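Take a look at the letters that make up each chain.
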Amino acid sequence: MSFLWGVMGGPSAGPQPSGAETIQKLCDRVASSTLLDDRRDAVRALKSLSKKYRLEVGTQAMEHLIHVLQTDRSDSEIIGYALDTLYNVISNDLEEEEQEENLTKVDDLGSQFTEIFIKQQENVTLLLTLVEEFDFHVRWPGVKLLTSLLKQQGPQVQQIILVSPMGVSRLMDLLADSREVIRNDGVLLLQQLTKSNAAIQKIVAFENAFERLLDIITEEGNSDGGIVVEDCLLLLQNLLKNNNSNQNFFKEGSYIQRMKPWFEVGDDNCGWSAQKVTNLHLMLQLVRVLVSPTNPPGATSSCQKAMFHCGLLQQLCTILMATGVPADILTETINTVSEVIRGCQMNQDYFASVNAPSNPPRPAIVVLLMSMVNERQPFVLRCAVLYCFQCFLYKNQKGQGEIVSTLLPSTIDGNSVSAGQLLCGGLFSTDSLSNWCAAVALAHALQENATLKEQLLRVQLATSIGNPPVSLLQQCTNILSQGSKVQTRVGLLMLLCTWLSNCSIAVTHFLHNPANIPFLTGQIAENLGEEEQLVQGLCALLLGISIYYNDNSLENYRKEKLKQLIEKRIGRENFIEKLGFISKHELYSRAAQKPQPGFSSPEHMMFDHEFTKLVKELEGVISKAIYKSSEEDKKEEEVKKTLEQHDNIVTQYKKVIREQDQELEELKQRVTTLMSQNEQLQATVTQQVSQIQQHKDQYNLLKVQLGKDTQHHNSHGDTFQMNGIQTEEVSKLKEELEEWKNKHELLQGQIREKDFLIEKLKSSQLEIGTTELSSQSSRSGGLEHNNELQKELEMLRSQLQLQSVEISQLQTENQKLRVMNTTADPVLGDSGAAVANSSELEGQLEQEIKELKSEVKALSEEKESLKQHLDSSSSTVAILQDEKSKLQQEVAESKKEQDDLLVLLADQDQKLSALKIKLKDLGVPVEDEDDIESGDQGDEDEDVEEEEQD
């Protein structure tokens, strides 16, 4: 122990050893000592020296420390010291003073020692095993060491953990640790682990990371939480950004709904802490990750709809219109709302309905446009508002129409400020940035909408008092010719190019002003500086659009004449070169990368993302159009007309197919409905059949009981006593029985008519059968069919006979009931004589009345069944009539065939006669058929006479 005492600074004799010598002796002690306490003290001493002598400890002690981790796992204290020492050696998190002194060496040392440590993959696997230990002195330093390894050599360590069995799952358990310091450092570890590794991101997500992280954020107070909330949000961004699988899992797990409480802000938004601003900023960025324009369209659309249905969009719009919100949060909220509504009609419609809490209320779009054209607002805020307006109009023809309608003369309201008025005001203000933003916003209102391009030609502007109004198109060209700032002219040229593209009427209006073409050719032909090259390129693009979409309606500005003008004043090669200035510009490439305007300063705002798509589309076709001859133009116009005709035909066919699809769907629905109704009716019929059988059984039972009661009444007839009310009920029952009797007679008459009709059909069928038998043997199939019909008739006849028997049974039952009623009549006549003894018999009579009522009910049900039998017999008669008509048709055909056979027989007789004549001429004896027939007849007569004699 004296050695350690000297090392740790105790009194010692002689010169002090150097740091490297001390570390060497400590390493020898760790390697050679057999006592655990000695090894533990030596490792503790190495830990204390590891920060000051980082290089020496790393080079000499790392192997011994790894050996301690492998062999002394039973002692948590020495394991903790070893892990802390390795962390100090590998980590670059040194104190400020040390960082200033060793700034150049820090990064290299950490990376080198990490590479030495992970060279043996078993070391990382060992570290993963130690992190599983619950002991705080082992788990916490192990988490810190593993985090430091990932910081130094992230991809290599990630790959080792990925191939380790249950490597990622072991680290996920850190989020469930009850000790906050381990849980928080576990979040930091997972941050480093999930960087730029989609496979690990998926594993972490499916290990229930979303649920645990959202729970931590909720426990910490959402946006009011501390640094832990920030770490969790950063980890969520790692898991979701550019990972479509995890985004889909996040949406399907209903985790979007749990984001809504993050954005609940109160009325008093003053005094936000820096941490809350950071947290809310990260939360907004997380929402944008889910609806980013770079995501697959289907995934973005589903997330947008989910955010609307759960109320998240409404919550964001509330922040958007709230007061006292910090500027950077307001800007990020505008950008977030922009991407939540971009291309989603439902969300765009909701955003159009949002009003600012002002008096009177104004639409949120109008309030935002006021900020965009206000030069006193921050630059980033104005860019965010422009992006929001662009996203609102993206693939939203309804919104485009509403914006343009505010510019039309018939819809202008002088009492309120509209979006169109703000755009026109910004378009012609003295601020070049307002000019550019308003021009780009108005161009988005016309994007891919030829109808609105034509309607915007109607807009008239009053430039000054006393002068006639001019069109919006003319005013834009007037400002161009006045030589304003480059940013203003670029914005106006982008607006004009968007307006005239794919709109021949707008091109005609543009060419109708005789000053426009000379201005464009003059701008293109001049040799100007680099700043003006961009304007020259856009002028060349606008002139090319005027040629390509020219319908030759103006004689002086036909396509061919404009091409000749370019050839004479500019030159084709020079024109193409100036046109290429646009796509070669650095700001053009930057704008083409993403839809959101991302400019570092107002001077760099030159191009819009959607306009870059238009340039890419038109640059090639305009270059080809400049070199085409008039004959090629004519051919191209003919091809265009043919294509338009084909498109019209295809559109008509599509319309017909669409209508047929609708009819087919309707028919399918009808078939489905009828099938379901059929099933219901079959079930109802089955149920009614069972009910009828039950009623029959009840009727038979009541009939037996009624017979017994009748005998009882006859034997005690003198004792029946009734009051007036019971007599009325009995009389009503008698009337009902009479009605039933009449109905039975009517049914019998109908059955007799049906029997007559069936007999008639049967006789006709027999006649048809006889006719069939007289025909030739080839018609035997019809006879068999007739026999089958006769069998069916016999079966129907037997069924009707059974029905007649049932009806006769019912009649006999009715007769019995009538007899019972007549026997009860005398008793009714004497009802007023002996009222005193009626109390006992009234109950019996009431019971009898109930039985009669039930019998009447049974008879009504029998009536319904008879009607059903009649209906079925009617259908059978109809079927038989159809069969009769078919058989008659077959008989007619057989007669026709018979006539044909007779004709053939006559021809054969003629041929036989001719042959006989030839035989006679040849001298051959031939017997006549008449003789043969007479001979046969004579033989038959003789046989008959002999039989008579016998």
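These figures come from a predicted structure and were not determined experimentally.

## Quick word on the overall build of the chain
Part 1 of the argument: Counting its regular elements, the chain contains 42 helices and four strands.
Part 2 of the argument: Taken across its 950 residues, the chain has 43% of its residues classed as buried.
Part 3 of the argument: Accessible surface, the chain: about 50600 Å² in total, of which carbon and sulfur atoms supply 51%.

## A few points about the pattern of salt bridges
Part 1 of the argument: Within this structure, the stated rule accounts for 26 salt bridges.
Part 2 of the argument: E532 serves as the salt-bridge partner of R489, at 2.9 Å between the closest nitrogen and oxygen. In this pair, R489 is assigned in helix α29 (residues 486-500) and E532 in helix α32 (residues 530-548), connecting sequence segments 43 residues apart. Taken individually, R489 and E532 each receive the classification buried, so the pair is uniform in this respect.
Part 3 of the argument: Salt-bridge contacts for R590 lead to E586; the nearest nitrogen and oxygen are separated by 3.3 Å. With R590 and E586 both in helix α36 (residues 586-591) and four residues apart, this pair spans about one turn of that helix.
Part 4 of the argument: A relative accessible area of 30% means that R590 is categorised as partly exposed.
Part 5 of the argument: Looking at E586, the relative accessible area reads 56%, which means it is exposed.
Part 6 of the argument: Because the salt bridges share partners, they merge into one network encompassing D37, R40, D41, R44, D75 and E77.

## Observations regarding unusual backbone geometry
Part 1 of the argument: The backbone of N208 sits at a positive phi, close to 70°, despite the residue not being glycine.
Part 2 of the argument: In this fold, N208 is placed in the loop between α13 (198-206) and α14 (209-219).
Part 3 of the argument: We classify N208 as partly exposed; its relative accessible area is 36%.
Part 4 of the argument: For S254, which is not glycine, the phi torsion reads 60° and is therefore positive.
Part 5 of the argument: Along the polypeptide, S254 turns up in the loop between α16 (244-252) and α17 (274-290).
Part 6 of the argument: Classification of S254 by relative accessible area gives partly exposed; the value is 38%.

## Quick notes on the packing of α32 against helix α34 (residues 572-579)
Part 1 of the argument: At their nearest, the axes of α32 and α34 sit 7 Å apart, and the two run at 115° to each other. Considering how the two elements wind past one another, α32 and α34 form a crossing that is left-handed. Here Q536, G537, A540, L541, L543 and G544 of α32 lie close against α34, whose contacting residues are F575, K578 and L579.
Part 2 of the argument: Here the contact of α32 with α34 is built from residues that sort into five nonpolar, three polar and one charged.

## Observations regarding the packing of aromatic side chains
Part 1 of the argument: The final tally for this structure, using the stated rule, is 13 aromatic pairs.
Part 2 of the argument: Measuring from centroid to centroid gives 5.0 Å for F210 and F250, while their planes differ by 85°, and the two rings are edge-to-face. In this pair, F210 is assigned in helix α14 and F250 in helix α16, connecting sequence segments 40 residues apart. F250 carries the same exposure label as F210, and that label is buried.
Part 3 of the argument: When the centroid spacing of 5.5 Å and the interplanar angle of 40° are considered together, the rings of F250 and Y255 count as tilted.

## What about a negative patch on the surface?
Part 1 of the argument: Residues E893, E897, D899 and D900 make up a contiguous surface patch of negative charge.
Part 2 of the argument: Relative to the helices and strands, E893 resides in helix α41 (residues 839-921).
Part 3 of the argument: E893 gets classed as partly exposed once you look at its relative accessible area, which sits at 40%.

## Some words on the packing of α32 against helix α37 (residues 609-627)
Part 1 of the argument: For the pair α32 and α37, the least separation of the axes is 9 Å and the interaxial angle reads 60°. Seen from above, α32 lies across α37 with left-handed handedness. Across from L538, L541, G544, I545, I547 and Y548 in α32, the residues of α37 making contact are F611, V615, L618, V621, I622, A625 and I626.
Part 2 of the argument: Taken together, the residues that form the contact of α32 with α37 break down as twelve nonpolar, one polar and no charged.

## Re the environment of V470
Part 1 of the argument: Checked against the element boundaries, V470 lands in strand β4 (residues 470-471).
Part 2 of the argument: Between the C-alpha atoms of V470 and Q460, which are ten residues apart in sequence, the distance is 5.4 Å.
Part 3 of the argument: Setting aside its immediate chain neighbours within four residues, V470 contacts V459, Q460, L461, T463 and Q475.

## Some details on α13
Part 1 of the argument: Every buried residue of α13 is accounted for by I200, Q201, V204 and A205. Seen from one end, α13 has its buried residues packed into an arc of 135°, which puts them on one side.
Part 2 of the argument: Its buried side turned inward, α13 meets α10 (154-163), α11 (167-172), α12 (180-193), α14, α15 (227-240) and α16.
Part 3 of the argument: With a side-chain oxygen positioned 3.3 Å from the backbone nitrogen of A199, the residue opening α13 is N197.
Part 4 of the argument: Two residues or fewer past α13, N208 is found with a positive phi of approximately 70°.

## A short note on a nonpolar patch on the surface
Part 1 of the argument: Among the surface-exposed residues, I649, Y653 and I657 lie close enough to one another that they form a single nonpolar patch of about 310 Å² accessible area.
Part 2 of the argument: By secondary structure assignment, the location of Y653 is in helix α38 (residues 630-715).

## Overview of the environment of R139
Part 1 of the argument: Its place among the elements puts R139 in helix α9 (residues 136-152).
Part 2 of the argument: Separated by ten residues in sequence, R139 and T129 place their C-alpha atoms 9.7 Å apart.
Part 3 of the argument: Residues within four places of R139 in sequence aside, it is in contact with L130, V131, E133, F134, D173, L174, D177, R179 and I182.

## A short note on the confidence of the model for the chain
Regions with low pLDDT carry predicted coordinates that are not meant to be interpreted in detail.
Part 1 of the argument: For the chain, mean pLDDT is 80; residues scoring 70 or higher make up 77% of the total.
Part 2 of the argument: In this model residues 715-726 is a low-confidence stretch, pLDDT under 50, and it forms 22 contacts with partners more than four residues away in sequence or in other chains.
Part 3 of the argument: With pLDDT under 50 throughout, residues 929-938 is counted as low confidence; its partners more than four residues away or in other chains account for two contacts.

About the thresholds
Residues numbered from 1 in each chain as written. Predicted model: local features only at pLDDT ≥ 70, side-chain atom pairs only at ≥ 80, totals over all residues. Heavy atoms only, no water. Helix = DSSP H or I, 4+ residues; strand = E, 2+ residues; numbered from the N terminus. Buried < 20%, exposed > 50% of the residue type's maximum accessible area, 1.4 Å probe, protein only. Areas by Shrake-Rupley, 256 points an atom, 1.4 Å probe, with all protein chains shown as cover. Salt bridge = Lys/Arg side-chain N within 4 Å of Asp/Glu carboxyl O. Axes fitted to C-alpha atoms, helices over the stretch in contact; angles between N-to-C directions. Left-handed = near helix turned anticlockwise from the far one by under 90°. Contact = heavy atoms within 4.5 Å. Nonpolar A, V, L, I, M, F, W, Y, C, P; charged D, E, K, R; others polar. Phe/Tyr/Trp six-rings, centres within 6.5 Å; stacked < 30°, edge-to-face > 60°. Patch = residues over 30% accessible without salt bridge, like charges linked within 9 Å, V, L, I, M, F, W, Y side chains within 5 Å. Lys, Arg positive; Asp, Glu negative; His and termini not counted. Charge placed at Lys NZ, Arg CZ, Asp CG, Glu CD. Arc of directions from axis to C-beta. Polar contact = N/O pair within 3.5 Å; in protein donor to acceptor, adjacent residues only side chain to side chain. pLDDT = per-residue confidence, 0-100.

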